[in-house]
Structure formats: C-alpha cells, structure tokens
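Summary of the model geometry
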Amino acid sequence: MKKHSARVAPLSACNSPVLTLTKVEGEDRTRENVVGSTDAQSAPAAGAESSSGRRRLHCCIKVTAVQVRKALWGVVMVMCVCSSWAGSTQLAKLTFKQFDAPFTVTWFATSWNCLFFPVYYIGHWCKSAERQTARQRLRECCRFFGDEGLTPKVFFTKVAPFGLLWILTNYLYLQALRKINTTDVSALFCCNKAFVFLLSWIVLRDRFMGVRIVAAILAIAGIVMMTYADGFHSHSVIGITLVVASASMSALYKVLFKMVLGSAKFGEAALFLSIVGSANFVFISFVPVILYFTHVEYTGSFADIPWAYLCGVAALLFAFNILVNFGIAITYPTLISLGIVLSVPVNAMVDFYTCDINFNTVRLIAVFIICLGFLMLLLPEDWDQCIIRLTTKLRKRDDPAEAGAETAANTSLNWRGRGRTSLSTYAR
C-alpha cells in the first residue's frame, strides 16, 4: 500500500473555506493498473466474467461506504462549525456589554493559536504508524518555509504579514459587532467568499466562471441593500463598512497565502498558525497594555474582566479554526462551508428572541441574496457538465423503450458492419 501525505492550501480558488486536499499521487496510476489487469484477465469463459463482475461490485460498494461515511462526518462537521461560529459571535456580543475592549479580545483569542501544533502533534502521535518525536516533527514541518527553515528573514517576510492580516480580520469583525447586530455581521462576512473569487481571478489568474461572477454581484447587491435597510444611518454604515473590511482582509489573507506560500501539509499548517499565535503573544502584548493605561480600552480591575466569556470566545474561535482548517481530512470542504452560511439563520433566531431587531423586507432580501451568492460559489467548476450528465441519465430512465430501440439499432448496425467486413475478406 503506497503511503501518501495530504496537502492543504489555505485557499484554493473558491472550492473550500480555508483548506483543500489536493489530488493523491499515484491514485490514477493504481486505477489504470486495476483496469489493465482486469482486461488482461478477461476471457470468453462465463466464470471469469462473473468473477470480474463481483470484483467491480465489491469495489463500488467499498467506494459507496467511504462516501457515506464522509457524508455522515460532514453532517457532524456542519453542526459543529455552525455552532462554534454562531456561538463565538453571540458570546463576543455579550462580552462587550461587560468588557468593551475589542482589541484585547482579539489579542487574547489569537494567542490561543499557539495550541495548534501541540493539538496536531497529539493527533499525529495517536494515529500515525511512524511516530516521530516532537523535535523531529517540528524540523520536518519547518521545511515548509524553505531549505533553511524558519529564519528571521522568512519570519518577517512570510509570516508576520499574515499575522497582521489575521489580527485585522478579527479586530474589524469584533468592532462591527459593537455597531450592528450579529445577523447582519455574520451575513455580510459571507461576502468574503466573493472577494476571494475576485482576487483569485485577478491575482492568481483563476478560471473565469460566469456563475461566480453572478454570485459576486449578488454579494455586492446584498451589501448595498443591507445598508439601505437601516436608512443609511451613520452607526449602521460604520458597522457595515467594518465587517466588509474584515471580509476583505480575510480574502486577502487567503489569496496571498496561496500566492506566497502555496499549499501546506496539515502539520505545516498547524505550525504556521502556532507561529502566528506565538508572535501575537510576544510582539503585540504591549498594545493592550497601552490601550489600558490610555483608557481607550479600560476596565477598573482584573476582577471586573468577565474571564468566563473571554475564555469562551477564545475557545469557540479556536475550535472553529480547527474544524475549518483540518475538517477536510474527514469530510468534504463544501459541507464545512455550508456550516458557515447556516450560522446566519441561527444568529437571526437568537437575535429575534434576545434583542430588538427589525426584520424588514429589505433586510431579509439582503440576507437571502448574500447567502445565495455564497452557496453559488460552492458549485464545482464542472457543475454544468454534471447537470447535463444527470439530465441525460434521467431521460434514459424515463424512456427505457427508446434506449432499448437505440441499443437494438446499434447492434444491428454492428452486425451489418461485421458482415460486410467478412465478405470483403473472403473476396480477397
């Protein structure tokens, strides 16, 4: 059995939320060998045909079982991603009622990224057949940054910029929660998928797809309608601007990662995120201190800080990032993305019962078209061909008589062709 390692990319066009699993090397070769051996062993005897048929049936059953298992894991992942993302958003909103310090919350939550590599190593040690020490695994993952590993030059040119984009994304998102309700924030943040497509198309020269252009237009239209829903009040406009800026920073982070660093294995991605969290803790810790003493983000004493809410927000965001970044190992990326968009109706239900929100027609239409655009961006690149093949299969099922007539006609034509060939052979 050939060993292979999955590689993940924090952005591969628009087909996944954060990470994608690339094609397994050797898979096509194995399939070709299986087909070739089947053809070589095929014989006119009925016994050989029945045995090959049983092999194919067994293979189909095996593939179906794998797909069902991945789909079931996907349902679990959808629920976990949705609950962690919606829960962190709602809990952050509650935190600001007692602790109005968005940058401090961002710094505290980002520092939890230090735990990514330890969590990955525990999973590696439990699952991998060839167990490596933590130092060996760390050295192997450091090759992701180049032959020399993680040097100061690599850190300041390839890691630090992404750390700043990470902090800006979360800070702007939390600032937006202070201005507008969680339903609008979670819906508008879904526009980052459209921004990713536009940036990938312009910067990475990704394939042009009309359906994704339509999805991007729907996202922009949703932003405008969301602004109009509250009558262009300054408070609402500022909040919408902040969350759109957060979505833009998220898209820029993903596209630049793909352009600068390319794809990464699970261990390399975990190490990268741990370095981002460690750098945030070491180099950015002075900023919350300055904000505290300048009374920009001031609390009376450490006892007044709602540590339960603060740790809850950080833990839920950490769980969300683990699910989004490494959930691709057990299920399909599309299902993970579906969990993100399903957090919008969850937040809407919570807002409906807990706060005074006006769900007017314009707001509902804006939320709907943004979510529709997000779902359209989840369509695979060959979605039109899949629909054509599905339609063709359905037509053949609906018209079995026509299919039988076509088969009989083709068979008669083949026999006529064979008859002509044999006559010409005898004539020679």
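A quick note: this is a predicted structure, and the numbers were derived from the prediction, not measured.

Contact pair helix 3 (residues 102–111) / helix 6 (residues 152–179): the axes reach a minimum separation of 9 Å and the direction vectors enclose 135°. In terms of orientation, helix 3 lies oblique with respect to helix 6. Crossing of helix 3 against helix 6: the hand is right-handed. In this structure, helix 3 contributes P102, F103, V105, T106 and T110 to the contact, and helix 6 contributes W166, I167, N170, Y171, L174, Q175 and R178. For the contact of helix 3 with helix 6, the per-class residue count stands at 7 nonpolar, 4 polar and 1 charged.

On the surface, a cluster of nonpolar side chains totalling about 550 Å² of accessible area is made up of W201, I202, V203, F208, M259 and V260. Going through the elements one at a time, helix 8 (192–202) and helix 10 (234–260) are the ones with two or more residues in the nonpolar patch. Mapped onto the elements, V260 comes out in helix 10.

Our next topic: the side chain of Q90. Examined against the element boundaries, Q90 turns out to sit in helix 2 (residues 46–98). Here T182 takes part through its side chain, which lies 2.8 Å from a polar atom of the side chain of Q90. Once you skip the residues sitting within four places of it in the chain, Q90 turns out to touch T182, N347, V350 and D351.

For helix 13 (residues 307–326), which comprises 20 residues, the first-to-last C-alpha distance of 28 Å matches the rise-based estimate of 28 Å (1.5 Å per residue) to within 8%. Where helix 13 is concerned, the buried positions are L310, G312, V313, A314, L317, F318, F320, N321, L323, V324, N325 and F326.

Counted by the stated rule, this structure contains 0 disulfides. In this structure C142 is a free cysteine whose sulfur lies 7.3 Å from that of C141, the closest cysteine sulfur available.

Here the focus is the pattern of salt bridges. On inspection of all chains with the given rule, the structure shows 3 salt bridges. One salt bridge in this structure joins R137 and E140, with 3.3 Å as the shortest N-O distance. Here E140 and R137 lie together in helix 5 (residues 134–142), a separation of 3 residues that amounts to about one turn. Residues D184 and R363 are paired through a salt bridge, measuring 3.1 Å at the closest nitrogen-oxygen approach. Here D184 is found in helix 7 (residues 182–189), whereas its partner R363 is found in helix 15 (residues 361–377), with 179 residues between them in sequence. Here D184 falls in the buried class, since its relative accessible area comes to 2%. Judged by its relative accessible area of 2%, R363 is buried.

By the element assignment, S274 lies in helix 11 (residues 266–283). We classify S274 as buried; its relative accessible area is 7%. When residues no more than four places from it in sequence are discounted, the contact partners of S274 are N113, C114, L115, F116, F117 and P118.

With that settled, consider the nonpolar core. Among the nonpolar cores identified, the biggest contains 65 residues, and L188, M226 and V243 are the most heavily contacted of them. Those residues within four positions of M226 in sequence are excluded, and the remaining contacts are D184, A187, L188, I240, R363, A366, V367 and I370. Counting residues in hydrophobic clusters, the runner-up holds 29 residues, among them F116, W166, F257 and A279.

About the cut-offs
- Residues numbered from 1 in each chain as written.
- Predicted model: local features only at pLDDT ≥ 70, side-chain atom pairs only at ≥ 80, totals over all residues.
- Heavy atoms only, no water.
- Axes fitted to C-alpha atoms, helices over the stretch in contact; angles between N-to-C directions.
- Helix = DSSP H or I, 4+ residues; strand = E, 2+ residues; numbered from the N terminus.
- Parallel < 35°, antiparallel > 145°, perpendicular 65-115°, else oblique.
- Left-handed = near helix turned anticlockwise from the far one by under 90°.
- Contact = heavy atoms within 4.5 Å.
- Nonpolar A, V, L, I, M, F, W, Y, C, P; charged D, E, K, R; others polar.
- Patch = residues over 30% accessible without salt bridge, like charges linked within 9 Å, V, L, I, M, F, W, Y side chains within 5 Å.
- Areas by Shrake-Rupley, 256 points an atom, 1.4 Å probe, with all protein chains shown as cover.
- Salt bridge = Lys/Arg side-chain N within 4 Å of Asp/Glu carboxyl O.
- Polar contact = N/O pair within 3.5 Å; in protein donor to acceptor, adjacent residues only side chain to side chain.
- Expected span 1.5 Å × (residues − 1).
- Buried < 20%, exposed > 50% of the residue type's maximum accessible area, 1.4 Å probe, protein only.
- Disulfide = S-S within 2.5 Å.
- Core = buried A, V, L, I, M, F, W, Y, C linked by side-chain atoms within 4.5 Å.

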